[in-house]
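The lines below spell out each chain.
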Amino acid sequence: MRGAVTSWLLAAPLALVLAVFLVVPLFVLVVVSFYDYDSVRLIPDFVFTNYIEVFGSMVTWRTYAKTFSFAATVWVITLLIGFWIAYYLAFVIEGTGKRTLLFLICTIPFWTSNLIRMIAWVPFLGRNGLLNRALVGSGAIDQPLEFLLFSDFAVILAFVHLYTLFMVVPIFNTMMRIDRRLIEAAVDAGAGFWRVLWHVILPLCKPGIAIGSIFVIVLVMGDFATVRLMSGGQSASVGLMISNQISLLQYPAAAANAVVLLAVVLMMVAAILRVVDIRKEL
Amino acid sequence: MPGRLGRMLLTVLFVAFVLFLYGPTLTIIVLSFQGENGGLTFPMNGVSVHWFGRLFEQQAVGDFGASISRSLLLAAMVTATTVVVSLAAGMAFRRRFPGSAWLFYLTIASLILPSLLVGLGIGLAFNRAEIDTNWWSSAFGAQLTWTLPFGLLIMLAVFNRFDRAWEEAARDLGASPWKSFWHVVLPIVAPSVIGIALFGFTLSFDEFARTLLTAGVDNTLPLEILGMTTTVTTPVLYALGTASTALSFAVIGVALLALWRAKARREAR
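Keep in mind that what you see is a predicted model, and the values were worked out from it rather than measured.

Enquirer: What's the story with the overall build of chain B in this structure? I'm lost.
Expert: Helix and strand content of chain B: 11 helices and 0 strands. Going residue by residue from the N terminus, the α and β elements of chain B occur as α-α-α-α-α-α-α-α-α-α-α. Dimensions of chain B, computed from C-alpha atoms along their principal axes, come out at roughly 75 × 65 × 40 Å. Once local pairs closer than 6 in sequence are excluded, the contacts in chain B between residues at least 24 apart make up 69%. Total accessible area computed for chain B in this model is approximately 12900 Å², and 66% of it derives from carbon and sulfur atoms.

Enquirer: Just to check I follow, could you spell out the interface of chain B and chain A for this structure?
Expert: Often, the extent of an interface is quoted as the loss of accessible area upon association of its parts. Facing 81 residues of chain B, the contacting portion of chain A comprises 83 residues. Both faces considered, chain B and chain A share a buried interface measuring about 7300 Å² in area, 84% of it formed by carbon and sulfur atoms. Our count for the chain B to chain A interface comes out at 7 residue pairs in polar contact (both at pLDDT 80 or more). Those elements that provide at least two residues to the side of chain B that touches chain A are α1 (4-31), α4 (64-92), α5 (100-112), α6 (115-128), α7 (138-160), α9 (177-205), α10 (221-231) and α11 (236-268) of chain B. Here the element with the most residues in the side of chain B that touches chain A is α1 of chain B; it accounts for 16 residues.

Enquirer: Could you clarify how one ought to interpret the packing of aromatic side chains in this entry?
Expert: The description of an aromatic ring pair rests on the distance of the ring centres and on the angle between the ring planes. Following the criterion strictly, the structure yields 33 aromatic pairs over all chains and no others. The interplanar angle of 45° and the centroid separation of 5.7 Å between the aromatic rings of Trp121 of chain A and Phe20 of chain B together place this pair among those described as tilted. Placement of Trp121 of chain A in the loop between α5 (114-119) and α6 (122-125) and of Phe20 of chain B in helix α1 is noted, with the two residues assigned to different chains. Consider the rings of Phe201 of chain B and Phe205 of chain B, whose centres lie 5.4 Å apart with planes at 10°: the pair is stacked. Of this pair, Phe201 of chain B and Phe205 of chain B both sit in helix α9, 4 residues apart, roughly one helical turn. Of the residues examined, Phe201 of chain B reaches a relative accessible area of 9% and is grouped as buried. Take Phe205 of chain B: its relative accessible area is 1%, and that puts it in the buried class. One aromatic cluster is present, formed by Phe83, Trp84, Tyr87, Phe91, Phe193 and Trp194 of chain A through successive ring pairs.

The rules we used
Residues numbered from 1 in each chain as written. Chains lettered and ligands numbered in written order. Predicted model: local features only at pLDDT ≥ 70, side-chain atom pairs only at ≥ 80, totals over all residues. Heavy atoms only, no water. Helix = DSSP H or I, 4+ residues; strand = E, 2+ residues; numbered from the N terminus. Contact = heavy atoms within 4.5 Å. Areas by Shrake-Rupley, 256 points an atom, 1.4 Å probe, with all protein chains shown as cover. Buried area = accessible area lost by both parts, 1.4 Å probe. Polar contact = N/O pair within 3.5 Å; in protein donor to acceptor, adjacent residues only side chain to side chain. Phe/Tyr/Trp six-rings, centres within 6.5 Å; stacked < 30°, edge-to-face > 60°. Buried < 20%, exposed > 50% of the residue type's maximum accessible area, 1.4 Å probe, protein only.

Given below as C-alpha coordinates:
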(Lines give C-alpha, C1' and ligand atoms only; values in the text may rest on other atoms or scores of the structure.)
Protein backbone atom coordinates (compact mmCIF):
# COMPACT_ATOMS: atom_id res chain seq x y z
CA MET A 1 0.00 0.00 0.00
CA ARG A 2 2.85 2.38 0.78
CA GLY A 3 4.18 1.69 -2.70
CA ALA A 4 0.90 2.76 -4.28
CA VAL A 5 0.84 6.00 -2.26
CA THR A 6 4.39 6.84 -3.31
CA SER A 7 3.53 6.14 -6.96
CA TRP A 8 0.46 8.33 -6.71
CA LEU A 9 2.43 11.18 -5.22
CA LEU A 10 5.06 10.90 -7.95
CA ALA A 11 2.45 10.74 -10.72
CA ALA A 12 0.26 13.47 -9.18
CA PRO A 13 1.92 16.47 -10.92
CA LEU A 14 1.44 14.87 -14.34
CA ALA A 15 -2.15 13.93 -13.53
CA LEU A 16 -2.83 17.44 -12.23
CA VAL A 17 -1.46 19.19 -15.34
CA LEU A 18 -3.44 16.91 -17.65
CA ALA A 19 -6.60 17.31 -15.58
CA VAL A 20 -6.44 21.12 -15.61
CA PHE A 21 -5.16 21.63 -19.15
CA LEU A 22 -6.64 18.68 -21.02
CA VAL A 23 -9.62 17.01 -19.33
CA VAL A 24 -11.37 20.15 -18.10
CA PRO A 25 -10.81 22.05 -21.39
CA LEU A 26 -12.18 19.15 -23.46
CA PHE A 27 -15.19 19.02 -21.16
CA VAL A 28 -15.73 22.79 -21.58
CA LEU A 29 -15.33 22.37 -25.34
CA VAL A 30 -18.17 19.85 -25.40
CA VAL A 31 -20.35 22.01 -23.13
CA VAL A 32 -19.79 25.16 -25.21
CA SER A 33 -20.61 23.28 -28.40
CA PHE A 34 -24.21 23.18 -27.15
CA TYR A 35 -24.27 26.91 -26.33
CA ASP A 36 -26.17 29.52 -28.27
CA TYR A 37 -24.42 32.71 -29.36
CA ASP A 38 -24.93 36.06 -31.00
CA SER A 39 -22.45 38.49 -32.48
CA VAL A 40 -21.03 39.62 -29.12
CA ARG A 41 -21.38 36.91 -26.51
CA LEU A 42 -21.89 33.26 -25.61
CA ILE A 43 -25.33 32.32 -24.30
CA PRO A 44 -25.29 29.27 -22.01
CA ASP A 45 -27.95 26.92 -23.31
CA PHE A 46 -28.44 23.36 -24.53
CA VAL A 47 -29.23 23.58 -28.22
CA PHE A 48 -28.29 21.37 -31.13
CA THR A 49 -28.22 24.18 -33.70
CA ASN A 50 -24.41 24.19 -33.88
CA TYR A 51 -24.32 20.50 -34.76
CA ILE A 52 -27.23 20.84 -37.17
CA GLU A 53 -25.30 23.59 -38.93
CA VAL A 54 -22.14 21.47 -39.01
CA PHE A 55 -23.83 18.45 -40.56
CA GLY A 56 -26.33 20.41 -42.65
CA SER A 57 -23.78 22.49 -44.48
CA MET A 58 -22.30 21.30 -47.75
CA VAL A 59 -19.17 23.29 -46.89
CA THR A 60 -18.46 20.91 -44.00
CA TRP A 61 -18.67 17.84 -46.19
CA ARG A 62 -16.55 19.37 -48.92
CA THR A 63 -13.98 20.52 -46.38
CA TYR A 64 -13.80 17.06 -44.83
CA ALA A 65 -13.39 15.50 -48.28
CA LYS A 66 -10.54 17.94 -48.98
CA THR A 67 -8.89 17.26 -45.61
CA PHE A 68 -9.16 13.48 -46.08
CA SER A 69 -7.59 13.77 -49.51
CA PHE A 70 -4.70 15.81 -48.04
CA ALA A 71 -4.27 13.23 -45.27
CA ALA A 72 -4.37 10.26 -47.66
CA THR A 73 -1.93 11.80 -50.16
CA VAL A 74 0.52 12.92 -47.48
CA TRP A 75 0.25 9.54 -45.74
CA VAL A 76 1.12 7.57 -48.89
CA ILE A 77 4.04 9.85 -49.80
CA THR A 78 5.53 10.06 -46.30
CA LEU A 79 5.15 6.28 -45.87
CA LEU A 80 6.96 5.53 -49.14
CA ILE A 81 9.79 7.99 -48.51
CA GLY A 82 9.95 7.31 -44.77
CA PHE A 83 10.10 3.54 -45.19
CA TRP A 84 12.99 3.62 -47.66
CA ILE A 85 14.95 6.21 -45.70
CA ALA A 86 14.55 4.08 -42.57
CA TYR A 87 15.49 0.99 -44.57
CA TYR A 88 18.60 2.72 -45.86
CA LEU A 89 19.67 3.76 -42.37
CA ALA A 90 18.91 0.40 -40.77
CA PHE A 91 20.07 -2.11 -43.39
CA VAL A 92 22.29 -0.48 -45.98
CA ILE A 93 24.44 1.68 -43.72
CA GLU A 94 26.99 -0.33 -41.76
CA GLY A 95 28.62 0.77 -38.53
CA THR A 96 26.89 2.34 -35.53
CA GLY A 97 28.80 5.61 -35.66
CA LYS A 98 27.96 6.32 -39.29
CA ARG A 99 24.34 5.30 -38.74
CA THR A 100 23.95 7.58 -35.72
CA LEU A 101 25.49 10.47 -37.64
CA LEU A 102 23.17 10.08 -40.64
CA PHE A 103 20.18 9.66 -38.33
CA LEU A 104 21.10 12.89 -36.53
CA ILE A 105 21.38 14.67 -39.88
CA CYS A 106 17.77 13.65 -40.56
CA THR A 107 16.53 14.88 -37.18
CA ILE A 108 18.27 18.27 -36.97
CA PRO A 109 15.61 20.08 -39.07
CA PHE A 110 13.15 19.08 -36.34
CA TRP A 111 14.90 21.69 -34.19
CA THR A 112 13.76 24.54 -36.41
CA SER A 113 10.32 26.05 -36.32
CA ASN A 114 7.71 24.52 -38.62
CA LEU A 115 6.62 28.03 -39.59
CA ILE A 116 10.09 28.92 -40.80
CA ARG A 117 10.35 25.67 -42.71
CA MET A 118 7.09 26.58 -44.47
CA ILE A 119 8.19 30.14 -45.24
CA ALA A 120 11.41 28.70 -46.62
CA TRP A 121 9.53 27.33 -49.63
CA VAL A 122 8.58 30.82 -50.85
CA PRO A 123 11.89 31.64 -52.60
CA PHE A 124 11.78 28.18 -54.17
CA LEU A 125 8.24 27.98 -55.46
CA GLY A 126 7.26 31.59 -56.18
CA ARG A 127 6.58 32.95 -59.65
CA ASN A 128 10.17 34.21 -59.77
CA GLY A 129 11.44 31.45 -57.53
CA LEU A 130 14.42 29.19 -58.02
CA LEU A 131 12.45 26.34 -59.53
CA ASN A 132 10.70 28.48 -62.15
CA ARG A 133 13.96 30.22 -63.05
CA ALA A 134 15.69 26.90 -63.48
CA LEU A 135 12.88 25.47 -65.60
CA VAL A 136 12.53 28.56 -67.78
CA GLY A 137 16.31 28.93 -68.01
CA SER A 138 16.76 25.35 -69.16
CA GLY A 139 14.09 25.85 -71.79
CA ALA A 140 11.82 23.18 -70.34
CA ILE A 141 8.91 25.64 -70.16
CA ASP A 142 8.19 29.07 -71.66
CA GLN A 143 6.04 30.57 -68.92
CA PRO A 144 6.71 30.31 -65.17
CA LEU A 145 4.47 27.69 -63.57
CA GLU A 146 1.76 29.33 -61.48
CA PHE A 147 0.65 26.30 -59.50
CA LEU A 148 3.86 25.87 -57.51
CA LEU A 149 3.14 28.29 -54.67
CA PHE A 150 -0.26 28.96 -53.11
CA SER A 151 -1.82 25.72 -54.29
CA ASP A 152 -2.68 22.22 -53.11
CA PHE A 153 0.67 21.15 -54.52
CA ALA A 154 2.48 23.55 -52.17
CA VAL A 155 0.38 22.37 -49.21
CA ILE A 156 1.23 18.70 -49.81
CA LEU A 157 4.89 19.50 -50.43
CA ALA A 158 5.09 21.38 -47.13
CA PHE A 159 3.34 18.57 -45.23
CA VAL A 160 5.74 16.00 -46.66
CA HIS A 161 8.66 18.26 -45.81
CA LEU A 162 7.49 18.74 -42.22
CA TYR A 163 6.23 15.29 -41.33
CA THR A 164 8.26 12.60 -43.16
CA LEU A 165 10.54 12.49 -40.14
CA PHE A 166 7.62 11.34 -37.97
CA MET A 167 7.43 8.30 -40.25
CA VAL A 168 11.21 7.68 -40.42
CA VAL A 169 11.87 7.60 -36.66
CA PRO A 170 9.35 4.93 -35.54
CA ILE A 171 9.96 2.71 -38.59
CA PHE A 172 13.73 2.97 -38.11
CA ASN A 173 13.21 2.09 -34.46
CA THR A 174 11.33 -1.13 -35.25
CA MET A 175 13.77 -2.05 -38.02
CA MET A 176 16.72 -1.78 -35.64
CA ARG A 177 15.06 -4.28 -33.34
CA ILE A 178 14.63 -6.94 -36.03
CA ASP A 179 16.87 -9.90 -35.29
CA ARG A 180 19.32 -9.97 -38.22
CA ARG A 181 19.45 -13.76 -38.03
CA LEU A 182 15.84 -13.89 -39.26
CA ILE A 183 16.89 -12.13 -42.46
CA GLU A 184 19.94 -14.36 -42.86
CA ALA A 185 17.74 -17.42 -42.39
CA ALA A 186 15.34 -16.17 -45.07
CA VAL A 187 18.21 -15.49 -47.46
CA ASP A 188 19.74 -18.91 -46.76
CA ALA A 189 16.39 -20.50 -47.47
CA GLY A 190 16.53 -18.93 -50.90
CA ALA A 191 14.35 -15.81 -50.51
CA GLY A 192 15.25 -12.90 -52.76
CA PHE A 193 15.29 -9.22 -51.82
CA TRP A 194 11.59 -8.54 -52.37
CA ARG A 195 10.46 -11.73 -50.61
CA VAL A 196 12.59 -10.92 -47.55
CA LEU A 197 11.13 -7.43 -47.61
CA TRP A 198 7.53 -8.59 -47.94
CA HIS A 199 7.54 -11.64 -45.67
CA VAL A 200 10.11 -10.74 -43.01
CA ILE A 201 10.86 -7.02 -42.72
CA LEU A 202 7.47 -5.52 -43.50
CA PRO A 203 5.46 -7.64 -41.01
CA LEU A 204 7.99 -6.87 -38.27
CA CYS A 205 7.85 -3.12 -39.06
CA LYS A 206 4.09 -2.86 -38.78
CA PRO A 207 4.06 -1.30 -35.29
CA GLY A 208 6.49 1.39 -36.40
CA ILE A 209 4.47 2.06 -39.54
CA ALA A 210 1.32 2.33 -37.41
CA ILE A 211 2.88 4.83 -34.98
CA GLY A 212 4.24 6.92 -37.84
CA SER A 213 0.88 6.81 -39.60
CA ILE A 214 -0.95 7.96 -36.49
CA PHE A 215 1.41 10.93 -36.16
CA VAL A 216 1.17 11.97 -39.80
CA ILE A 217 -2.58 11.52 -40.15
CA VAL A 218 -3.41 13.31 -36.89
CA LEU A 219 -1.06 16.20 -37.69
CA VAL A 220 -2.54 16.68 -41.15
CA MET A 221 -6.16 16.27 -40.01
CA GLY A 222 -5.78 18.95 -37.33
CA ASP A 223 -3.64 21.38 -39.31
CA PHE A 224 -4.65 24.96 -39.98
CA ALA A 225 -1.42 26.93 -40.45
CA THR A 226 0.18 24.92 -43.26
CA VAL A 227 -2.97 24.97 -45.38
CA ARG A 228 -3.51 28.69 -44.84
CA LEU A 229 0.11 29.65 -45.49
CA MET A 230 0.93 27.36 -48.39
CA SER A 231 -2.38 27.64 -50.24
CA GLY A 232 -2.56 31.40 -49.72
CA GLY A 233 -6.12 30.99 -48.50
CA GLN A 234 -7.18 29.20 -51.67
CA SER A 235 -7.64 25.77 -50.18
CA ALA A 236 -9.54 24.51 -47.16
CA SER A 237 -9.14 22.13 -44.25
CA VAL A 238 -11.21 21.34 -41.20
CA GLY A 239 -8.66 23.00 -38.92
CA LEU A 240 -8.67 26.13 -41.04
CA MET A 241 -12.48 26.19 -41.00
CA ILE A 242 -12.44 26.00 -37.19
CA SER A 243 -9.76 28.68 -36.93
CA ASN A 244 -11.81 30.97 -39.22
CA GLN A 245 -14.86 30.53 -37.00
CA ILE A 246 -12.70 31.36 -33.98
CA SER A 247 -11.50 34.59 -35.59
CA LEU A 248 -15.16 35.49 -36.21
CA LEU A 249 -15.75 34.81 -32.49
CA GLN A 250 -18.28 32.08 -33.31
CA TYR A 251 -16.99 29.96 -30.45
CA PRO A 252 -19.93 27.53 -30.08
CA ALA A 253 -19.86 26.79 -33.83
CA ALA A 254 -16.10 26.28 -33.66
CA ALA A 255 -16.52 24.06 -30.60
CA ALA A 256 -19.11 21.88 -32.35
CA ASN A 257 -16.82 21.52 -35.34
CA ALA A 258 -13.94 20.73 -33.00
CA VAL A 259 -15.92 18.00 -31.23
CA VAL A 260 -16.78 16.41 -34.58
CA LEU A 261 -13.13 16.59 -35.69
CA LEU A 262 -12.08 15.07 -32.36
CA ALA A 263 -14.45 12.15 -32.90
CA VAL A 264 -13.24 11.65 -36.49
CA VAL A 265 -9.57 11.69 -35.47
CA LEU A 266 -10.14 9.27 -32.59
CA MET A 267 -11.99 6.90 -34.92
CA MET A 268 -9.11 7.01 -37.39
CA VAL A 269 -6.59 6.26 -34.63
CA ALA A 270 -8.80 3.43 -33.32
CA ALA A 271 -9.00 1.99 -36.85
CA ILE A 272 -5.21 1.97 -37.15
CA LEU A 273 -4.86 0.35 -33.73
CA ARG A 274 -7.33 -2.36 -34.72
CA VAL A 275 -5.21 -3.30 -37.69
CA VAL A 276 -1.86 -3.19 -35.89
CA ASP A 277 -1.09 -4.02 -32.29
CA ILE A 278 1.43 -1.43 -31.11
CA ARG A 279 1.39 -2.31 -27.41
CA LYS A 280 4.71 -4.12 -27.69
CA GLU A 281 6.26 -0.84 -28.78
CA LEU A 282 5.15 1.17 -25.77
CA MET B 1 19.77 -7.41 -48.97
CA PRO B 2 19.63 -5.11 -51.96
CA GLY B 3 22.13 -5.55 -54.76
CA ARG B 4 24.63 -2.90 -55.86
CA LEU B 5 22.11 -1.06 -57.99
CA GLY B 6 19.59 -1.07 -55.14
CA ARG B 7 22.15 0.35 -52.72
CA MET B 8 23.04 3.06 -55.19
CA LEU B 9 19.41 4.03 -55.73
CA LEU B 10 18.81 4.15 -51.99
CA THR B 11 21.90 6.31 -51.49
CA VAL B 12 20.64 8.69 -54.17
CA LEU B 13 17.24 8.79 -52.45
CA PHE B 14 18.84 9.53 -49.09
CA VAL B 15 20.99 12.36 -50.46
CA ALA B 16 17.96 13.83 -52.25
CA PHE B 17 15.97 13.58 -48.99
CA VAL B 18 18.65 15.42 -47.03
CA LEU B 19 18.81 18.15 -49.70
CA PHE B 20 15.02 18.38 -49.58
CA LEU B 21 15.16 18.76 -45.77
CA TYR B 22 17.91 21.36 -45.66
CA GLY B 23 17.70 23.19 -48.99
CA PRO B 24 14.80 25.56 -48.26
CA THR B 25 16.02 26.56 -44.79
CA LEU B 26 19.55 27.22 -46.05
CA THR B 27 18.07 29.33 -48.84
CA ILE B 28 16.26 31.68 -46.48
CA ILE B 29 19.34 31.94 -44.29
CA VAL B 30 21.25 33.13 -47.37
CA LEU B 31 18.40 35.42 -48.42
CA SER B 32 18.17 37.02 -44.97
CA PHE B 33 21.50 38.71 -45.82
CA GLN B 34 19.81 40.27 -48.86
CA GLY B 35 20.90 43.81 -49.76
CA GLU B 36 18.76 46.80 -48.77
CA ASN B 37 16.91 46.93 -52.09
CA GLY B 38 16.60 43.19 -52.50
CA GLY B 39 13.35 41.26 -52.52
CA LEU B 40 11.94 37.96 -51.29
CA THR B 41 13.61 35.85 -53.97
CA PHE B 42 16.93 35.61 -55.75
CA PRO B 43 18.95 37.30 -57.17
CA MET B 44 20.79 38.71 -54.19
CA ASN B 45 20.89 42.47 -54.52
CA GLY B 46 24.14 42.88 -52.63
CA VAL B 47 24.89 41.54 -49.16
CA SER B 48 23.95 43.28 -45.92
CA VAL B 49 22.70 42.81 -42.38
CA HIS B 50 20.11 45.53 -43.02
CA TRP B 51 17.14 43.21 -42.39
CA PHE B 52 18.53 42.03 -39.06
CA GLY B 53 18.80 45.67 -38.01
CA ARG B 54 15.18 46.19 -39.00
CA LEU B 55 14.14 43.50 -36.50
CA PHE B 56 14.99 45.83 -33.65
CA GLU B 57 13.05 48.84 -34.90
CA GLN B 58 9.77 48.86 -33.04
CA GLN B 59 7.45 49.97 -35.81
CA ALA B 60 8.96 47.78 -38.51
CA VAL B 61 7.91 44.30 -37.45
CA GLY B 62 6.01 44.46 -34.21
CA ASP B 63 7.70 43.79 -30.92
CA PHE B 64 10.55 41.44 -31.76
CA GLY B 65 12.72 41.96 -28.65
CA ALA B 66 9.89 41.47 -26.18
CA SER B 67 8.48 38.44 -27.94
CA ILE B 68 11.86 36.73 -28.10
CA SER B 69 12.56 37.22 -24.39
CA ARG B 70 9.03 36.05 -23.60
CA SER B 71 9.57 32.91 -25.69
CA LEU B 72 12.92 32.18 -24.04
CA LEU B 73 11.49 32.62 -20.55
CA LEU B 74 8.46 30.50 -21.37
CA ALA B 75 10.68 27.79 -22.89
CA ALA B 76 12.82 27.80 -19.73
CA MET B 77 9.72 27.43 -17.53
CA VAL B 78 8.33 24.65 -19.71
CA THR B 79 11.69 22.85 -19.86
CA ALA B 80 12.20 22.88 -16.09
CA THR B 81 8.64 21.75 -15.39
CA THR B 82 8.77 19.04 -18.06
CA VAL B 83 12.00 17.60 -16.66
CA VAL B 84 10.78 17.46 -13.04
CA VAL B 85 7.24 16.24 -13.79
CA SER B 86 8.24 13.56 -16.31
CA LEU B 87 11.09 12.32 -14.12
CA ALA B 88 8.67 11.94 -11.19
CA ALA B 89 6.02 10.30 -13.37
CA GLY B 90 8.66 8.03 -14.91
CA MET B 91 9.63 6.87 -11.38
CA ALA B 92 5.95 6.26 -10.58
CA PHE B 93 5.40 4.21 -13.74
CA ARG B 94 8.19 1.79 -12.81
CA ARG B 95 5.52 -0.23 -11.08
CA ARG B 96 1.82 -0.56 -11.78
CA PHE B 97 -0.41 1.46 -9.50
CA PRO B 98 -4.19 1.84 -9.45
CA GLY B 99 -5.03 4.19 -12.32
CA SER B 100 -1.66 3.90 -14.07
CA ALA B 101 -3.19 2.60 -17.31
CA TRP B 102 -5.66 5.50 -17.35
CA LEU B 103 -2.97 8.08 -16.76
CA PHE B 104 -0.89 6.53 -19.52
CA TYR B 105 -3.71 6.66 -22.07
CA LEU B 106 -4.52 10.23 -21.03
CA THR B 107 -0.90 11.21 -21.66
CA ILE B 108 -0.96 9.60 -25.11
CA ALA B 109 -4.26 11.37 -25.84
CA SER B 110 -2.59 14.65 -24.91
CA LEU B 111 0.04 13.95 -27.55
CA ILE B 112 -2.21 12.95 -30.43
CA LEU B 113 -5.19 15.28 -30.05
CA PRO B 114 -5.08 18.05 -32.67
CA SER B 115 -3.29 21.01 -31.13
CA LEU B 116 -5.85 23.54 -32.32
CA LEU B 117 -8.55 21.73 -30.33
CA VAL B 118 -6.47 21.65 -27.15
CA GLY B 119 -5.79 25.37 -27.50
CA LEU B 120 -9.43 26.15 -28.18
CA GLY B 121 -10.52 24.07 -25.17
CA ILE B 122 -8.09 25.80 -22.81
CA GLY B 123 -9.03 29.22 -24.18
CA LEU B 124 -12.74 28.51 -23.66
CA ALA B 125 -12.15 27.04 -20.19
CA PHE B 126 -10.30 30.17 -19.08
CA ASN B 127 -12.98 32.34 -20.67
CA ARG B 128 -15.76 30.48 -18.83
CA ALA B 129 -13.85 30.68 -15.55
CA GLU B 130 -13.36 34.40 -16.23
CA ILE B 131 -9.59 34.18 -15.94
CA ASP B 132 -7.49 36.15 -18.41
CA THR B 133 -5.30 34.05 -20.68
CA ASN B 134 -1.59 34.84 -20.45
CA TRP B 135 1.56 33.38 -21.90
CA TRP B 136 2.82 32.47 -18.42
CA SER B 137 -0.39 30.78 -17.27
CA SER B 138 -2.71 29.31 -19.93
CA ALA B 139 -0.09 29.08 -22.71
CA PHE B 140 2.36 27.58 -20.22
CA GLY B 141 -0.17 24.83 -19.42
CA ALA B 142 -1.05 24.38 -23.09
CA GLN B 143 2.61 23.79 -23.95
CA LEU B 144 2.97 21.30 -21.09
CA THR B 145 0.22 19.15 -22.65
CA TRP B 146 2.54 18.95 -25.67
CA THR B 147 5.95 18.47 -23.97
CA LEU B 148 5.00 16.15 -21.08
CA PRO B 149 3.96 13.18 -23.27
CA PHE B 150 7.36 13.28 -25.02
CA GLY B 151 9.07 13.50 -21.63
CA LEU B 152 7.12 10.58 -20.18
CA LEU B 153 7.70 8.37 -23.24
CA ILE B 154 11.45 9.01 -23.04
CA MET B 155 11.44 8.22 -19.29
CA LEU B 156 9.49 4.98 -19.87
CA ALA B 157 12.00 3.89 -22.52
CA VAL B 158 14.88 4.66 -20.12
CA PHE B 159 13.43 2.82 -17.14
CA ASN B 160 12.62 -0.18 -19.35
CA ARG B 161 16.33 -0.73 -19.75
CA PHE B 162 17.27 0.27 -16.19
CA ASP B 163 19.10 -2.34 -14.13
CA ARG B 164 17.52 -2.35 -10.69
CA ALA B 165 20.48 -4.18 -9.16
CA TRP B 166 22.31 -0.85 -8.65
CA GLU B 167 19.47 0.56 -6.67
CA GLU B 168 19.02 -2.60 -4.60
CA ALA B 169 22.72 -2.55 -3.79
CA ALA B 170 22.39 1.02 -2.51
CA ARG B 171 19.40 0.05 -0.38
CA ASP B 172 21.26 -2.97 1.02
CA LEU B 173 24.05 -0.65 2.06
CA GLY B 174 21.53 1.36 4.03
CA ALA B 175 20.67 4.24 1.68
CA SER B 176 17.26 5.84 2.13
CA PRO B 177 14.93 5.88 -0.94
CA TRP B 178 15.78 9.56 -1.48
CA LYS B 179 19.52 8.93 -1.16
CA SER B 180 19.45 6.01 -3.58
CA PHE B 181 17.49 8.16 -6.05
CA TRP B 182 19.86 11.11 -5.74
CA HIS B 183 23.16 9.23 -5.75
CA VAL B 184 22.35 6.17 -7.88
CA VAL B 185 19.27 6.52 -10.10
CA LEU B 186 19.64 10.17 -11.13
CA PRO B 187 23.29 9.97 -12.23
CA ILE B 188 22.48 6.92 -14.37
CA VAL B 189 19.49 8.51 -16.12
CA ALA B 190 21.05 12.00 -16.31
CA PRO B 191 21.85 11.92 -20.06
CA SER B 192 18.20 11.10 -20.85
CA VAL B 193 17.05 13.84 -18.51
CA ILE B 194 19.13 16.31 -20.52
CA GLY B 195 17.57 14.83 -23.65
CA ILE B 196 14.13 15.60 -22.23
CA ALA B 197 15.26 19.14 -21.44
CA LEU B 198 16.43 19.70 -25.03
CA PHE B 199 13.20 18.25 -26.38
CA GLY B 200 11.13 20.37 -24.03
CA PHE B 201 13.02 23.51 -24.97
CA THR B 202 12.69 23.13 -28.75
CA LEU B 203 9.09 21.93 -28.60
CA SER B 204 8.16 24.95 -26.50
CA PHE B 205 10.28 27.54 -28.30
CA ASP B 206 8.72 26.68 -31.68
CA GLU B 207 5.18 25.88 -30.54
CA PHE B 208 2.32 27.92 -32.01
CA ALA B 209 -0.75 25.71 -32.56
CA ARG B 210 -1.56 25.28 -28.84
CA THR B 211 -0.21 28.71 -27.89
CA LEU B 212 -2.21 30.72 -30.44
CA LEU B 213 -5.52 30.70 -28.55
CA THR B 214 -4.01 30.68 -25.07
CA ALA B 215 -1.30 33.35 -25.09
CA GLY B 216 -3.58 36.31 -24.40
CA VAL B 217 -2.44 39.79 -25.46
CA ASP B 218 1.35 39.28 -25.58
CA ASN B 219 2.80 37.31 -28.47
CA THR B 220 5.49 34.66 -28.27
CA LEU B 221 8.08 34.56 -31.07
CA PRO B 222 6.33 31.91 -33.22
CA LEU B 223 3.06 33.85 -32.95
CA GLU B 224 4.92 36.98 -34.06
CA ILE B 225 6.24 35.04 -37.06
CA LEU B 226 2.79 33.63 -37.80
CA GLY B 227 1.36 37.15 -37.81
CA MET B 228 4.15 38.41 -40.04
CA THR B 229 3.62 35.76 -42.71
CA THR B 230 0.46 37.49 -43.87
CA THR B 231 1.59 41.12 -43.53
CA VAL B 232 5.32 41.30 -44.15
CA THR B 233 6.65 41.05 -47.69
CA THR B 234 10.31 41.91 -47.16
CA PRO B 235 13.34 39.79 -46.27
CA VAL B 236 12.88 40.91 -42.66
CA LEU B 237 10.77 37.75 -42.38
CA TYR B 238 13.78 35.65 -43.36
CA ALA B 239 15.95 37.57 -40.90
CA LEU B 240 13.51 36.69 -38.14
CA GLY B 241 13.57 33.04 -39.24
CA THR B 242 17.36 33.00 -39.28
CA ALA B 243 17.60 34.70 -35.88
CA SER B 244 15.11 32.27 -34.34
CA THR B 245 16.88 29.23 -35.82
CA ALA B 246 20.28 30.51 -34.70
CA LEU B 247 18.99 31.09 -31.18
CA SER B 248 17.54 27.62 -30.78
CA PHE B 249 20.69 26.03 -32.22
CA ALA B 250 22.82 28.08 -29.85
CA VAL B 251 20.85 26.87 -26.82
CA ILE B 252 21.01 23.24 -27.98
CA GLY B 253 24.71 23.59 -28.78
CA VAL B 254 25.53 24.98 -25.34
CA ALA B 255 23.57 22.17 -23.67
CA LEU B 256 25.31 19.47 -25.72
CA LEU B 257 28.69 21.03 -25.04
CA ALA B 258 28.00 21.07 -21.30
CA LEU B 259 26.90 17.43 -21.49
CA TRP B 260 30.00 16.44 -23.42
CA ARG B 261 32.31 18.24 -20.98
CA ALA B 262 30.59 16.70 -17.97
CA LYS B 263 31.03 13.27 -19.53
CA ALA B 264 34.71 13.92 -20.30
CA ARG B 265 35.32 15.09 -16.75
CA ARG B 266 33.62 12.02 -15.31
CA GLU B 267 35.70 9.72 -17.49
CA ALA B 268 38.89 11.53 -16.53
CA ARG B 269 38.29 10.73 -12.88
